[in-house]
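Structural description and commentary
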Amino acid sequence: MYKKILLTEVMAKVWKVFRFFLLIGLSFVILYPLIYMLCLSFRPQEDLLDPSVVWLSRHYTLQNFVDAWNSMHYPSSFATTLYIGVGSSVLQTVSCCLVGYGFARFRFRGRSVMFALVLLTIIVPTQVTIIPLYMMFKNFGLPFIGLWLENQLDIVMTFNLIDNPLLFYLQAMLGVGLRSGLYIFILRQFFSGLPDELEQAAEIDGCSAFGTFLKVMLPNAGPMLVTVSLFSVVWYWTDVFNTSTFLGKSQTLAVALSFLRTNLAEEQGVINNFYDSTAQMQAGCLLFV
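First, a word on what this report is: a plain description of the structure on this page. (Residues numbered from 1 in each chain as written. Predicted model: local features only at pLDDT ≥ 70, side-chain atom pairs only at ≥ 80, totals over all residues. Heavy atoms only, no water.)

Along helix α3 (residues 63-71), the residues classified as buried are N64, F65, D67, A68 and S71. Looking straight down α3, one finds its buried side chains confined to an arc of 160 degrees; they lie on one side. Within two residues after α3, H73 carries a phi angle of roughly 50 degrees, on the positive side. (Buried < 20%, exposed > 50% of the residue type's maximum accessible area, 1.4 Å probe, protein only. Helix = DSSP H or I, 4+ residues; strand = E, 2+ residues; numbered from the N terminus. Arc of directions from axis to C-beta.)

Written out as structure tokens, the structure is:
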């Protein structure tokens, strides 16, 4: 009995030591990119090419941030990212919440097929549908009604939404924005786990279906809404493929960062060399974060 107690105490102490070093290792892996960016972003060119300088530089400069700021056109890029990302995220959270609640709590014909189509949007990559989307938004109009009005009134009812933030707002509002299928799935699973007694009690009190969703279900979904909205903001903030395709004149921070090395080479009149713009790239990454 005494040996078993002693062995248990030893194993507990060994586990504490193992857990300590495991957490230290994980923390280093997670924090290493940020530490690397901080060390290199303030480093001048002479220290960058000095093999004896590893972490702490001999000299420090803010010129890297100035170069990255000017090359990325930071104020305009930040404004574009802000009103596209935040506005689309708000609309996307609202639309996905409504759709997820409908799939979870209502029984209607074709529900399984429609939900399977929602899951299909998670599986199918964006590159497959980008050309049809581009053509649709380049000649955007009301289906059938717009064509009838054009024939009857001889008025052009199609609009070019390329390089227009309304393009992203429409997709987010209709539940087909970036990763909307994933958010609908998450919210549907959450609402499915809520007890039916909540709805029954609200119905007895005379609450409508939408009133039940607004006053009973939505307050319980606060943590999940925060999670979905954070995911949405981050994905819109870091998206390069869609924003570079649909935005021609303006650019977001992610697009500006992807072209930073090339722009710096053109502005400075040098060949696009990795070591010539490493410090500016790290400064740009910090500005982006």
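Glancing now at the pattern of salt bridges. Under the criterion given, the structure shown has two salt bridges. Measuring nitrogen to oxygen at the nearest pair gives 2.8 Å for the salt bridge that ties D196 to R105. Here D196, found in helix α10 (residues 196-204), pairs with R105, found in helix α4 (residues 74-105); they are 91 residues apart in sequence, far enough to count as distant. Assessed through its relative accessible area of 12%, R105 is described here as buried. Here R105 makes a salt bridge to E199, at a shortest N to O gap of 3.2 Å. In this pair, R105 sits in helix α4 while E199 sits in helix α10, placing the two residues 94 residues apart along the sequence. (Salt bridge = Lys/Arg side-chain N within 4 Å of Asp/Glu carboxyl O.)

For T243, the location among the structural elements is in helix α13 (residues 241-246). Using a relative accessible area of 4% as the deciding quantity, one classes T243 as buried. Within the local environment of T243, its side chain forms a polar contact with the backbone oxygen of D239, the two atoms lying 3.0 Å apart. Engagement of the side chain of T243 in a polar contact is seen with the backbone oxygen of V240, the distance being 3.3 Å. In contact with T243, not counting residues within four places along its chain, are F168, T252 and V255. (Polar contact = N/O pair within 3.5 Å; in protein donor to acceptor, adjacent residues only side chain to side chain. Contact = heavy atoms within 4.5 Å.)

Scanning the entire structure with this criterion turns up 23 aromatic pairs. On the basis of an interplanar angle of 50 degrees and a centroid distance of 4.9 Å, the ring pair of F42 and F65 is categorised as tilted. Taken together, the residues F42 in the loop between α1 (2-41) and α2 (45-48) and F65 in helix α3 connect sequence positions 23 residues apart. The interplanar angle of 80 degrees and the centroid separation of 6.1 Å between the aromatic rings of F137 and F246 together place this pair among those described as edge-to-face. Of this pair, F137 sits in helix α6 (residues 126-138) while F246 sits in helix α13; the two residues are 109 residues apart in sequence, bridging distant segments of the chain. Judged on exposure class, the residue F137 and its partner F246 are both buried. The rings of Y101, F106, F190, F191, F210 and F213 are connected pair by pair, giving a single aromatic cluster. Its end group placed over the ring of F115, R188 keeps NZ or CZ at 4.5 Å from the ring centre. (Phe/Tyr/Trp six-rings, centres within 6.5 Å; stacked < 30°, edge-to-face > 60°. Lys NZ or Arg CZ within 6 Å of the ring centre and 35° of its normal.)

To continue, consider the packing of helix α5 (residues 111-123) against helix α9 (residues 180-192). At a minimum axis distance of 7 Å, the contact between α5 and α9 shows a crossing angle of 130 degrees. What the angle tells us is that α5 and α9 run oblique. Here F115, V118, L119, T121 and I122 of α5 come into contact with α9, specifically with G181, L182, I184, F185 and R188. Its residues assigned to classes, the contact of α5 with α9 shows seven nonpolar, two polar and one charged. (Axes fitted to C-alpha atoms, helices over the stretch in contact; angles between N-to-C directions. Parallel < 35°, antiparallel > 145°, perpendicular 65-115°, else oblique. Nonpolar A, V, L, I, M, F, W, Y, C, P; charged D, E, K, R; others polar.)

Taken together, the buried positions of helix α15 (residues 260-268) are L260, N263, L264 and A265. The elements touched by buried residues of α15 are α3, α14 (253-258) and α16 (278-288).

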